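Residue-level structural notes
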2 protein chains.
Amino acid sequence: MTILACAVAITMGGLCAWQDSAAQTERELIAMERTSMDGWLKGDSGPMLAASDADITLFHVMTDRRLEGVAAVKDLYTPFAGRPLYDSYQMENPKVQAGSDMAVLSYQLVTHTGDLTRKWNATEVYQKKKGGWRVIHSHFSATAGAQQ
Amino acid sequence: MTILACAVAITMGGLCAWQDSAAQTERELIAMERTSMDGWLKGDSGPMLAASDADITLFHVMTDRRLEGVAAVKDLYTPFAGRPLYDSYQMENPKVQAGSDMAVLSYQLVTHTGDLTRKWNATEVYQKKKGGWRVIHSHFSATAGAQQ
């Protein structure tokens, strides 16, 4: 929704404001996710942990149960400290579906490590807390047919 | 939170009301999920489609991309019409994390078909719409180490 379109649609001011807010949330959450993924380029889990809520729940391809709480997630990441997870990555088709104080970001993560390309389905559920948006639930899985 | 505890904690009335509301949302969403899963006992995708928002996004172990919209999801289910997906199932450790108009239900789905047991990580993101709660994002994946 452009500024001009919003100005023209004067009777639809509320809708424009809502759309601007939704677009802003989308930009903000995608930027947070990129910051987390950029961290893993250097084996740094710090940005991802900083974005995680204390009560985060998490499904991961390496675990046979749902992790509960940021301490459990930190334990999962510890062995990878200082080890880049990939050489480069792309977030394919990121999409944010937002409510008033929660939003879900979904995308496909493509990672490149040497000649190896992998693809993952990524779901990040965010909730707006006092300190800003935090991930309250995370679910990554290998995409069907992707190289493992 | 029991009625007695709420009565005693008279100064915490607001907190009790919030907890009752959260508990109610949890019960409601788990019941909806069971209705969907009960449908698949008979190969009936109707309940799951009825719970899906028109703009649902969905990651599934059978698809290499995110499905967009309920029509695409319906197409995914069509080949399974009338074919029970399992003989029985359990929802393990269902948990609901709720905001004001959105909530995420996560659990592990255990399915039994003859001698075969499978386990799946399940994430269902719900949003409260005019007609009630609807699934706006769904992500199922095979649990690590589970029999495939």
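Coordinates for the structure precede this section.
Conventions and cut-offs
- Residues numbered from 1 in each chain as written.
- Chains lettered and ligands numbered in written order.
- Predicted model: local features only at pLDDT ≥ 70, side-chain atom pairs only at ≥ 80, totals over all residues.
- Heavy atoms only, no water.
- Helix = DSSP H or I, 4+ residues; strand = E, 2+ residues; numbered from the N terminus.
- Areas by Shrake-Rupley, 256 points an atom, 1.4 Å probe, with all protein chains shown as cover.
- Salt bridge = Lys/Arg side-chain N within 4 Å of Asp/Glu carboxyl O.
- Buried < 20%, exposed > 50% of the residue type's maximum accessible area, 1.4 Å probe, protein only.
- Pairing = 2+ DSSP bridges.
- Arc of directions from axis to C-beta.
- Phe/Tyr/Trp six-rings, centres within 6.5 Å; stacked < 30°, edge-to-face > 60°.
- Least-squares fit on C-alpha atoms with pLDDT ≥ 70 in both.
- Contact = heavy atoms within 4.5 Å.
- Polar contact = N/O pair within 3.5 Å; in protein donor to acceptor, adjacent residues only side chain to side chain.
- Nonpolar A, V, L, I, M, F, W, Y, C, P; charged D, E, K, R; others polar.

1. Things to note about the overall build of chain A
Summing up its helical and strand segments, chain A has four helices and six strands in all. In the form shown here, chain A has an accessible surface area of approximately 7,400 Å², with 56% of it arising from carbon and sulfur atoms.

2. Details of the pattern of salt bridges
Under the definition given, this model contains eight salt bridges over all chains. B:Glu68 is the partner of B:Arg66 in a salt bridge, and the nearest nitrogen-oxygen pair spans 2.6 Å. Taking the relative accessible area as the measure of exposure, B:Arg66 reaches 10% and is therefore buried. For B:Glu92, the salt bridge is made with B:Lys119, and the minimal N-O distance between the two is 3.1 Å. Remark: B:Lys119 occurs in strand E5 (residues 116-129) and B:Glu92 occurs in strand E3 (residues 88-98); sequence separation between them is 27 residues. Counted as one network, the salt bridges with shared partners bring together A:Arg66, A:Glu68 and B:Lys95.

3. Examining the sheet that holds strand E4 (residues 102-113) of chain B
Residue and element names in this part refer to chain B. With mixed pairing, six strands are arranged side by side in an open sheet as E2-E1-E6-E5-E4-E3. Two strands lie at the open edges of the sheet, namely strand E2 (67-68) and E3, each paired on one side alone. Pairing of strand E1 (residues 52-59) with strand E6 (residues 132-142) involves four bridges; the strand directions are parallel. Paired with threonine 57 across the two strands is histidine 137, which belongs to E6.

4. Focus: helix H4 (residues 70-77) of chain B
All names here are of chain B. Regarding H4, the residues found buried are Val73, Leu76 and Tyr77. For H4, the angular spread of the buried residues around the axis is 95 degrees, confining them to a single face. Turned more than 90 degrees away from the buried face of H4, the exposed residues are Ala71, Lys74 and Asp75.

5. Focus: the packing of aromatic side chains
In this description, an aromatic ring pair is defined by two values, namely the gap between the centres and the angle between the planes. Residue and element names in this part refer to chain B. In the structure shown here, the tally under the stated rule is six aromatic pairs over all chains. Arranged with centres 5.1 Å apart and planes meeting at 80 degrees, the rings of tryptophan 40 and tyrosine 77 form a pair that is edge-to-face. Of this pair, tryptophan 40 sits in helix H2 (residues 13-40) while tyrosine 77 sits in helix H4, placing them 37 residues apart in sequence. Overall, tyrosine 77 belongs to the buried group, its relative accessible area being 9%.

6. Describing the relation of the copies chain B and chain A
Note on the copies: chain B fits chain A at an RMSD of 0.0 Å, the axial shift is 0.0 Å, and the rotation between them is 180 degrees. The operation mapping one copy onto its partner corresponds to a two-fold rotation axis. Take the interface residues of chain B: 100% of them recur as interface residues in chain A, which is what a same-surface contact looks like.

7. Comments concerning the interface of chain B and chain A
It is common to report an interface's size as the accessible area lost on association of the parts. Taken together, the contact pairs 37 residues of chain B with 37 residues of chain A. At the surface where chain B touches chain A, the tally comes to two salt bridges. In this structure, the connection of chain B to chain A is made through 25 residue pairs in polar contact (both at pLDDT 80 or more). Listing elements by their share of the side of chain B that touches chain A, those giving two or more residues are E1, E3, E4, E5 and E6 of chain B. For the side of chain B that touches chain A, the class distribution of residues is 13 nonpolar, 16 polar and eight charged.

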